[in-house]
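Here's the letter readout for the chains.
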Amino acid sequence: MRKEHMRKMKTGIVGSGMIVKEFLENLQGMEGLELAAICGTPRREAYLQELCRSYGIRKWYTDYDAMVTDPGVEVVYVAVPNHLHFEFCKKAVLAGKHVICEKPFTSNSRELEELGRLACTREVMLLEAVSTRYLPNLKKIKELLPELGEIRIVTANYSQYSSRYDAFKKGEILPVFDPHKSGGALMDLNIYNISLMADLFGMPKEVHYAANMVRGIDTSGILTMDYGNFQCVCIGAKDCKAPVSTCIQGDRGCICISTPVHMLSGFELYKNEDSRDKLSGQKGGRFYDYNEGKHRMYHEFREFIRIVHKKDHACAERMLEVSRLTMEIQTRARQSAGIVFDADLR
């Protein structure tokens, strides 16, 4: 049978920071992906030209309005600082473009709800680039969850000392530590944990965030979520570090992840009947890895290409619902800690 030729997803990139470089280095030449354009600030024009030469991007822009109205751009990949996500996504939606937006989707849940209504009116799709949701390893975890029995405790710790924290302590405020730019440990690191919990377990009954606050921003904090029949604790820190770990504990076993959940490079399953020795440091549980050794962004963009190519609005809406839950949880968490962004006041 003749293999169906996949139409290219003509993608315009807005942003030129580290995440864009990671995207280009790992997904250049991906089947079904066409790098139609890239947009950045006028001061970055020389760098934009360099990226075009290095990665085969067709054209560059320093005017975002011009890029989103380019008929050669079908999908806009938004990879700008957090506080600009809503504005840039909204312009793309109003221009009739599908949107792929880096996490966190928006600064608060209200902004995402507005984008959702506009996208529905314009008949375009909103997709959040949280790689966890598309990893084969997460699909396997979902299959194995019933083997854990009744879930009792879930813990996730993503603590990574930031090189920018040294500058912050000296008084220099970069976007990741700026409350005016929707920064903080919750939005930068703990958001990955929140997204995983929203995907696996939905909306908790109660949300509380105990944050370590410095100059109006959370440099670290502990998020607790009450799901009624079990408790969940998510830790995110940029002012200290610890081994990254996530554990889902049930009354018949547990699943443990020892990498950041947006990478999820394998996990272990321990069952009560065969894991006692392992849990005391003697023997191993069963290790799973279905990610095929691919970079974390590979699986999500392969799925984005499929969704756009097939016009799979139903799948896009399912993924958007996880984003809605994630934004609702982080908004309630910030409210409980008294963290206010400029976007909350508009």
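**Q** Just checking my understanding: could you explain the layout of surface pockets for this structure?
**A** A water-sized probe, rolled over the atoms, reveals where empty space remains. If you add up the space inside the largest pocket, you get close to 1500 Å³. When residues of the lining of the largest pocket are traced back to their parent elements, those giving at least two are helix 1 (18-27), helix 4 (85-94), helix 7 (163-169) and helix 8 (185-201). Here the lining of the largest pocket gets four residues from one element, more than from any other, and that element is helix 1. Here the residues of the lining of the largest pocket sort into 20 nonpolar, 16 polar and twelve charged.

**Q** How should I be thinking about the nonpolar core in this particular structure?
**A** Taken as a class, soluble globular proteins show a tendency for nonpolar side chains to be buried jointly. Within the largest apolar cluster, 78 residues are counted, with the highest numbers of intra-cluster contacts made by Met 197 and Phe 201. Considering each element in turn, this core owes the most residues, twelve residues, to helix 8. Leaving out residues up to four positions away in the same chain, Phe 201 has contacts with Leu 145, Ile 151, Val 154, Tyr 227, Phe 230 and Ile 248. If you look at the next biggest cluster of nonpolar residues, it comprises 32 residues, including Val 20, Met 125, Ile 307 and Ala 316.

**Q** What exactly am I supposed to notice about the packing of aromatic side chains here?
**A** Aromatic ring pairs are described here by two measures, namely the spacing of the ring centres and the angle between the planes. On inspection of all chains with the given rule, the structure shows 16 aromatic pairs. Arranged with centres 5.8 Å apart and planes meeting at 90°, the rings of Tyr 161 and Tyr 165 form a pair that is edge-to-face. Clustering of aromatic rings is evident, with ring pairs tying together Phe 23, Tyr 77, Tyr 134, Phe 301 and Phe 304. A cation sits over an aromatic face here: Arg 215 above Phe 168, 4.1 Å from the ring centre. The residue whose ring lies beneath Lys 294 is Tyr 298, and the NZ or CZ to ring-centre distance is 4.8 Å.

**Q** How should I be thinking about the packing of helix 1 against helix 10 (residues 296-310) in this particular structure?
**A** Think of two packed helices as two axes; the pair is described by the angle between the axes and how far apart they sit. Here helix 1 crosses helix 10 at 80°, and the two axes come no closer than 10 Å. Judged on the interaxial angle alone, helix 10 and helix 1 are roughly perpendicular. Here Ile 19, Glu 22, Phe 23 and Leu 27 of helix 1 come into contact with helix 10, specifically with Arg 296, Met 297, Tyr 298 and Phe 301. Counted by class, the contact of helix 1 with helix 10 contains six nonpolar, no polar and two charged residues.

**Q** Which parts of the structure should I look at to understand the pattern of salt bridges?
**A** Two side chains carrying opposite charge are able to pair once their charged atoms lie near each other. Counted according to the given criterion, the structure contains 24 salt bridges. For Lys 271, the salt bridge goes to Glu 147, with nearest N and O atoms at 3.4 Å. In this pair, Lys 271 sits in strand 13 (residues 267-271) while Glu 147 sits in the loop between helix 6 (136-144) and strand 7 (151-159), placing the two residues 124 residues apart along the sequence. The class for Lys 271 is buried, based on a relative accessible area of 15%. Put simply, Arg 306 and Glu 303 hold a salt bridge, and the shortest N to O gap is 2.8 Å.

**Q** Where do I start with the sheet that holds strand 11 (residues 245-250) in this structure?
**A** Within a sheet, each strand pairs with its neighbour through backbone hydrogen bonds, oriented either parallel or antiparallel. Ordered in space as 8-9-10-7-11-12-13-14, the eight strands form an open sheet in which the pairing is mixed. Across the chains shown, the open sheet's two edge strands, defined by having one partner strand only, are strand 8 (206-214) and strand 14 (286-288). The average angle at which neighbouring strand axes cross in this sheet is 15°, direction not considered. As paired elements, strand 12 (residues 253-257) and strand 13 share four bridges and run antiparallel to each other. Residue Gly 253 lies in a different strand from strand 13, and its bridge partner there is Lys 271. Where helix 8 meets the sheet, its contacts fall on strand 7, strand 8, strand 9 (217-226), strand 10 (231-237) and strand 11, and the angle it forms with strand 10 comes to roughly 155°. Contacting strand 8 and strand 9, helix 11 (residues 313-337) crosses the sheet at an angle of about 55° to strand 8.

**Q** Just to check I follow, could you spell out the environment of Tyr 161 for this structure?
**A** Secondary-structure assignment places Tyr 161 in the loop between strand 7 and helix 7. Taking the C-alpha atoms as reference, Tyr 161 lies 34 Å from Leu 35; in sequence the two are 126 residues apart. If we ignore the near neighbours within four places in the chain, the residues touching Tyr 161 are Asp 166, Lys 169, Lys 238, Asp 239, Cys 240 and Lys 241. At a separation of 2.6 Å, a polar atom in the side chain of Tyr 161 contacts the side chain of Asp 166.

Reading guide: rules and limits
- Residues numbered from 1 in each chain as written.
- Predicted model: local features only at pLDDT ≥ 70, side-chain atom pairs only at ≥ 80, totals over all residues.
- Heavy atoms only, no water.
- 1 Å grid on protein atoms, 1.4 Å probe; cavity = no way out; pocket = protein on both sides within 12 Å on 5 of 7 lines; lining within 4 Å.
- Points joined across faces, edges and corners; volume = space filled by probe spheres on them.
- Helix = DSSP H or I, 4+ residues; strand = E, 2+ residues; numbered from the N terminus.
- Nonpolar A, V, L, I, M, F, W, Y, C, P; charged D, E, K, R; others polar.
- Core = buried A, V, L, I, M, F, W, Y, C linked by side-chain atoms within 4.5 Å.
- Buried < 20%, exposed > 50% of the residue type's maximum accessible area, 1.4 Å probe, protein only.
- Contact = heavy atoms within 4.5 Å.
- Phe/Tyr/Trp six-rings, centres within 6.5 Å; stacked < 30°, edge-to-face > 60°.
- Lys NZ or Arg CZ within 6 Å of the ring centre and 35° of its normal.
- Axes fitted to C-alpha atoms, helices over the stretch in contact; angles between N-to-C directions.
- Parallel < 35°, antiparallel > 145°, perpendicular 65-115°, else oblique.
- Salt bridge = Lys/Arg side-chain N within 4 Å of Asp/Glu carboxyl O.
- Pairing = 2+ DSSP bridges.
- Polar contact = N/O pair within 3.5 Å; in protein donor to acceptor, adjacent residues only side chain to side chain.

Purely geometric numbers; function is a separate question.
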